[in-house]
Each structure stands twice: as C-alpha cells, then as structure tokens.
Amino acid sequence: MGVGLSSTSIIYHIRDLLGMRNKTISGLITDFENEIDLTIRMSDYGSQTFTKAYESGEKKKAINEVLLDGAKYVLGNLDPYRLCVYYHNQNDRDKTEELIRRIILERPQDRKWAYNIWGNIYRNARDIEKAKQTYILSAKEDETFILPVRSMAWLLFEEKEYEEASEYFQKALALNPYENSMDNGAVICHRNLGNLDEAE
C-alpha cells in the first residue's frame, strides 16, 4: 500500500493546519431492491438524498435521473444562475423565475445575471417594456456588464427604435471595442435613420 500525494491533498492539509475550513462535496450512490439512492453532502448545505425506484431494465435511466437531481441540487446551492439557464433552456418559466427571485434576494453578487436572464424571458414572451426594465436593472448592478447593454441594443433594433438602439450599440462598443456585431448594428441603425455619414 502506498501513500498518494497531490497538490490537492497538500492544499487541503495546509488549509487545515492554518485553521482554514475546507469545503467539500461528496456523494454516495446505492442500489438496493430496485431503488437508486444518491446522497449528496456539501459543506455549509448539509446532505440531501434523491431516490428513484426502477423496474427491470431501467436501472441506467434511474441512475441518470438521480444524478440530474443531484446536479440540480449542487448548482442550486453553488451557482443558481447556471441552474436558471438550464430551466430557461428547458422552457420551464416557473422554475426559472423562482430561481431568479431567490438570486435577487440572496445573492447580490449575481443580481446582474438574474436580471439579464429575466430580461431575456420577457423578450422571448414579447413583453418589451418589462424586458427593457430588467435589462436596465441588470446594467445598473454592474456598469461594466455588457450582456444587458448588448441585449437592449438588439431589442431596440428589433422594435425599430434605431436612435436609442444606436446609443446602446455605442455603449456596448465603449465596454468592448472588439464587439463586431455591435459595430454592425450601429452602422445599420445609422443607415436606417438616413445618417449615411455616420454609417461610414
């Protein structure tokens, strides 16, 4: 029997020696009497067990389902925005909005992301005014965050509000001058407004 040594184990023990708390995630999966159990333990979040009964030949499906549930639990605690994106891509608006509200209340560092995806939800639902409001809230959370500025620019462009869209394209370019699509959007706005000199 040998002793393994890795940078991870060294860091773990150094943190322990310095009195710094190590955070861990661990899991245990069991299969007993046609039932799959996944127990996840996370520092600061306790443990959670997910269970799925299965019939003969469906074991792999049951394992995949409890693993998905476990992944959602971990993401929901560590990075709820990514779980928000998952639910949004699954067209589950209720769960997406529930997570957005939780992020806004509990995770001020992630509010800009929450408001931005909420703007996307409203935009997809063609609730233009609410989309604009949430993009503005997202941009207020972090003035260097380009996503809501870019989204607002294209939303205004789609609504044929070229003057205001052009301003947002310019704001996005001020944040990142290498955003070619923003440059193209600004040029098209100027052409549509008849400002051919500006379009050049």
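If you're wondering where the values come from, they're calculated on a predicted model, not measured in any experiment.

## Regarding the pairing of strand 2 (residues 35-42)
Moving residue by residue along a regular strand, the side chains alternate between the two faces of the sheet. Judged by how many residues are buried, strand 2 sits mostly within the fold: 6 of 8 residues are covered. Bridge count for strand 1 (residues 25-31) against strand 2 is 7 bridges, and the pairing is antiparallel. Considered in strand 2, the bridge of L28 is made with T39. Here strand 1 hands over to strand 2 after 3 residues, with E33 in that stretch at a positive phi of 50 degrees.

## Some remarks on the sheet that holds strand 1
Two orientations exist for strands paired in a sheet by backbone hydrogen bonds: parallel and antiparallel. An order of 1-2-3 is seen for the 3 strands of this open sheet, with the pairing classed as antiparallel. Of all strands in the sheet, those bounded by a partner on one side alone are strand 1 and strand 3 (46-53). Averaged over all pairs of adjacent strands, the angle between strand axes in this sheet comes to 15 degrees, irrespective of strand direction.

## Topic: unusual backbone geometry
Glycine aside, a negative phi is what most residues show, and trans is what most peptide bonds show. Of note, N34 is a non-glycine position whose phi angle comes to about 60 degrees, a positive value. Examined against the element boundaries, N34 turns out to sit in the loop between strand 1 and strand 2.

## Concerning the packing of aromatic side chains
This structure, assessed with the given rule, holds 9 aromatic pairs. Plain terms: the ring middles of F157 and Y162 are 5.5 Å apart, the flat faces sit at 70 degrees to each other, and that makes the pair edge-to-face. On the accessibility criterion, F157 (18% relative accessible area) is buried. Taken together through their ring pairs, the aromatic side chains of W154, F157, Y162 and F169 make up a single cluster. Seen from the ring of Y168, K171 lies directly overhead, with NZ or CZ sitting 4.3 Å from the centre.

## Focus on the packing of helix 6 (residues 128-141) against helix 7 (residues 146-158)
Here helix 6 crosses helix 7 at 155 degrees, and the two axes come no closer than 9 Å. The pairing of helix 6 with helix 7 is recorded here as roughly antiparallel in orientation. You can see that helix 6 and helix 7 cross each other, and the crossing is left-handed. Only P148, S151, M152, L155 and L156 of helix 7 make contact with helix 6, whose side of the interface consists of I128, A131, K132, Y135, I136, S138 and A139. Within the contact of helix 6 with helix 7, the residues separate by chemical class into 9 nonpolar, 2 polar and 1 charged.

## Quick notes on the pattern of salt bridges
Under the defined criterion, the tally for this structure stands at 13 salt bridges. Ionic pairing is found between K59 and D31, a salt bridge with its closest N-O pair at 2.9 Å. Here the residue K59 occupies a position in helix 2 (residues 59-78), and D31 occupies one in strand 1, the gap between them amounting to 28 residues. With a relative accessible area of 39%, K59 lands in the partly exposed category. Judged by its relative accessible area of 35%, D31 is partly exposed. Of the charged contacts in the structure, one is a salt bridge between K132 and E129, with a shortest N-O distance of 3.5 Å. A residue pair is termed a helical-turn pair when its members lie 3 or 4 positions apart in one helix, as K132 and E129 do in helix 6 at 3 residues. Because the salt bridges share partners, they merge into one network encompassing R123, R126, E158 and E159.

Analysis parameters
Residues numbered from 1 in each chain as written. Predicted model: local features only at pLDDT ≥ 70, side-chain atom pairs only at ≥ 80, totals over all residues. Heavy atoms only, no water. Buried < 20%, exposed > 50% of the residue type's maximum accessible area, 1.4 Å probe, protein only. Helix = DSSP H or I, 4+ residues; strand = E, 2+ residues; numbered from the N terminus. Pairing = 2+ DSSP bridges. Axes fitted to C-alpha atoms, helices over the stretch in contact; angles between N-to-C directions. Phe/Tyr/Trp six-rings, centres within 6.5 Å; stacked < 30°, edge-to-face > 60°. Lys NZ or Arg CZ within 6 Å of the ring centre and 35° of its normal. Parallel < 35°, antiparallel > 145°, perpendicular 65-115°, else oblique. Left-handed = near helix turned anticlockwise from the far one by under 90°. Contact = heavy atoms within 4.5 Å. Nonpolar A, V, L, I, M, F, W, Y, C, P; charged D, E, K, R; others polar. Salt bridge = Lys/Arg side-chain N within 4 Å of Asp/Glu carboxyl O.

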